[in-house]
Amino acid sequence: MPLSDESYIQLAIEIAKKGMGSVSPNPLVGCVILKNEKIIGAGYHEKFGKNHAEVNAINSSIESLEGSTLYVNLEPCSHFGKTPPCVDKIIEKKIKRVVIGTRDMNPLVSGNGIKKLKKAGIEVKVGVLEKECIDLNKFFFKFITKKIPYVTLKTAQTLDGKIADNNGGSKWISSVDSRKYVHNLRSKYDAILVGAGTVSKDDPSLTVRMVEGRNPKRVVIDSELRLKLDKKLFKNNTDKNLIILASEKSSNKNRKIKRLERLGAKVLFVKENENGLLDLKSALKLLGKMKISSLLVEGGSKIFSSFIKENIFDDIFAFVTPKILGNGLSVVENIGINSIRKAIKLRVKEVENIGDDILIELIK
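Let me sum up the structure you'll find in this document. (Residues numbered from 1 in each chain as written. Predicted model: local features only at pLDDT ≥ 70, side-chain atom pairs only at ≥ 80, totals over all residues. Heavy atoms only, no water.)

Turning next to the overall build of the protein chain. Of regular secondary structure, the protein chain possesses 12 helices and 16 strands. Its C-alpha atoms give the protein chain a radius of gyration of 23 Å, near enough to 21 Å, the size a compact globule of 364 residues would have. Each principal axis of the C-alpha distribution contributes one length, and for the protein chain these read about 70 × 45 × 40 Å. When burial is assessed residue by residue, the protein chain has 50% of its 364 residues classed as buried. (Helix = DSSP H or I, 4+ residues; strand = E, 2+ residues; numbered from the N terminus. Rg over C-alpha atoms; globule rule 2.2 N^0.38 Å. Buried < 20%, exposed > 50% of the residue type's maximum accessible area, 1.4 Å probe, protein only.)

Quick look at the structure:
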């Protein structure tokens, strides 16, 4: 019995995931080509600037593509970018049918690839496992439409909502399995963000160590450029992927700025909001201009609270450990809500056990 269109799009999704960490700010795309109920080609977008999934699948084909069906999780491109249009290649190879998971939200593509395929007489089916295909490329779709990164807030907390004890100690609240999961999570994001307080207390590296994967860019909010330069983030910045977000008022601290730049750090100046804090929306726009399409916010409490209060996050990964601390630093500070009726409401997308902990994925 032949497999359904959904089965082949699911396969395309799984193949597309192989590009995680390598294609940003481009989307994750996988492609499968079928002829006479047999897969004759498959491929994925492997690296930014390189061949798209459709071209890789076509090039891998073991026989003529004439009369075949091409399955792809995202609408094939119809414009010249880093590479030629994929639709032209599909038409040239006389592929008979194209099944697409979801339309591309990129204004340069959206609907145009589908129109061109249909105009060439190719049968096109759109919207197969659409929800799953959109979720796969949530980073890309947010970035291409809003020009700012997709923002995930990550917290490791006790059962009573504490992320550190009264002395600021937070190692280790979560289990080894949770920490390994977080390192894997880091490898999927373009950048990771923390506040100066977290750097001062924990002296983190913010790299991927417990699993294989790329290191994200490291972003630190240090409004007044007060951090000491003996921290790991500065000493180990050999890849020059450290970004400091500072207040515009600190732009006259020439000596400190030059020292940071000699250490390979890039300093971006951000205007302040009415409360005298960095305007996070402006900060996200600056990061977007640097082609950062996804941002993992790891703390601390003040940073976490600011993103929630300003409602500039997309989802939350909460690692909850079965410990009760009582006193300590809460994951969220006072954000001006005094009534349960006005509480910020989220939806639970997924819950899973990670070692001794529970991971709750929440969306708005």
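Following the structure, the description resumes.
This part covers the pattern of salt bridges. In total, this model carries 17 salt bridges according to the counting rule given. A salt bridge links Glu272 to Lys249, with the nearest nitrogen and oxygen atoms 3.4 Å apart. Placement of Glu272 in the loop between β11 (266-270) and α11 (280-289) and of Lys249 in the loop between β10 (242-247) and α10 (254-262) is noted, with a sequence separation of 23 residues between them. Overall, Lys249 belongs to the exposed group, its relative accessible area being 63%. What emerges from the salt-bridge pattern is a single network uniting Asp135, Lys138, Asp315, Lys349 and Glu361. (Salt bridge = Lys/Arg side-chain N within 4 Å of Asp/Glu carboxyl O.)

Okay, helix α7 (residues 176-186) next. Within the sequence span of α7, burial applies to Ser178, Arg179, Val182, His183, Leu185 and Arg186. Each buried residue of α7 lies within a common arc of 160 degrees when the element is viewed along its axis, so the set occupies one face. The elements touched by buried residues of α7 are β6 (150-158), β8 (191-195), β12 (294-299), β13 (315-321), β15 (347-354) and β16 (357-363). (Arc of directions from axis to C-beta. Contact = heavy atoms within 4.5 Å.)

Read across the open sheet, the 9 strands follow the order β11-β10-β9-β8-β12-β6-β13-β16-β15; overall the sheet is mixed. Edge positions in the sheet fall to β11 and β15, since each has one partner strand and no second. With direction set aside, neighbouring strand axes in the sheet form an average angle of 20 degrees. As judged from the 4 bridges shared by β8 and β12, these two strands associate in the parallel manner. Its bridge partner lying in β12, Ile192 is registered against Leu296. (Pairing = 2+ DSSP bridges. Axes fitted to C-alpha atoms, helices over the stretch in contact; angles between N-to-C directions.)

This paragraph deals with the sheet that holds strand β2 (residues 38-44). Hydrogen bonds between backbone groups are what pair the strands of a sheet, and the pairing can be parallel or antiparallel. The strand order across the open sheet built from 5 strands is β2-β1-β3-β4-β5, with neighbouring strands paired in mixed fashion. Of all the strands in the sheet, the pair left with one neighbour each is β2 and β5 (123-126). Averaged over neighbouring strand pairs, the angle between their axes works out to 15 degrees when direction is ignored. With 4 bridges connecting them, strand β4 (residues 97-102) and β5 associate as parallel partners. Within β5, the residue paired with Arg97 across the bridge is Glu123. Most of the contacts of helix α4 (residues 112-119) go to β5, to which it runs at about 150 degrees, and overall it touches β4 and β5.

This brings us to the environment of Glu75. Tracing the backbone through its elements, the reader meets Glu75 in the loop between β3 (69-74) and α3 (86-92). Overall, the relative accessible area of 2% leaves Glu75 in the buried class. A sequence separation of 27 residues divides Glu75 from Phe48, and the C-alpha atoms of the two residues are 17 Å apart. Look past the residues within four positions of Glu75 in its chain and what remains in contact with it is Ile100, Thr102, Arg103, Asp104, Val109, Ser110, Gly111, Asn112, Gly113 and Ile114.

Here we take up the packing of aromatic side chains. Taken as a whole, this structure holds 5 aromatic pairs when the rule is applied. Where Phe139 meets Tyr150, the ring centres are 5.2 Å apart and the plane angle is 50 degrees; that geometry is what we call tilted. Placement of Phe139 in helix α6 (residues 138-146) and of Tyr150 in strand β6 is noted, with a sequence separation of 11 residues between them. In terms of burial, Phe139 and Tyr150 fall into one category: buried. A centroid spacing of 4.8 Å and a plane angle of 50 degrees characterise the contact between Phe139 and Tyr189, whose relative ring orientation is tilted. With Phe139 in helix α6 and Tyr189 in the loop between α7 and β8, this residue pair connects regions lying 50 residues apart in the sequence. No difference in accessibility class separates Phe139 from Tyr189, as the two residues are buried. Here the basic side chain of Lys364 rests over the ring of Phe313, its NZ or CZ set 4.8 Å away from the ring centre. (Phe/Tyr/Trp six-rings, centres within 6.5 Å; stacked < 30°, edge-to-face > 60°. Lys NZ or Arg CZ within 6 Å of the ring centre and 35° of its normal.)

Counted as a void, the second largest pocket has a volume near 800 Å³. Listing elements by their share of the lining of the second largest pocket, those giving two or more residues are α1 (5-16), α5 (130-136), α6, α7, β15 and β16. Ranked by residues supplied to the lining of the second largest pocket, first place goes to α5 with 4 residues. Tallied by class, residues from the lining of the second largest pocket come to 14 nonpolar, 10 polar and 13 charged. (1 Å grid on protein atoms, 1.4 Å probe; cavity = no way out; pocket = protein on both sides within 12 Å on 5 of 7 lines; lining within 4 Å. Points joined across faces, edges and corners; volume = space filled by probe spheres on them. Nonpolar A, V, L, I, M, F, W, Y, C, P; charged D, E, K, R; others polar.)

By themselves these figures say nothing about function.
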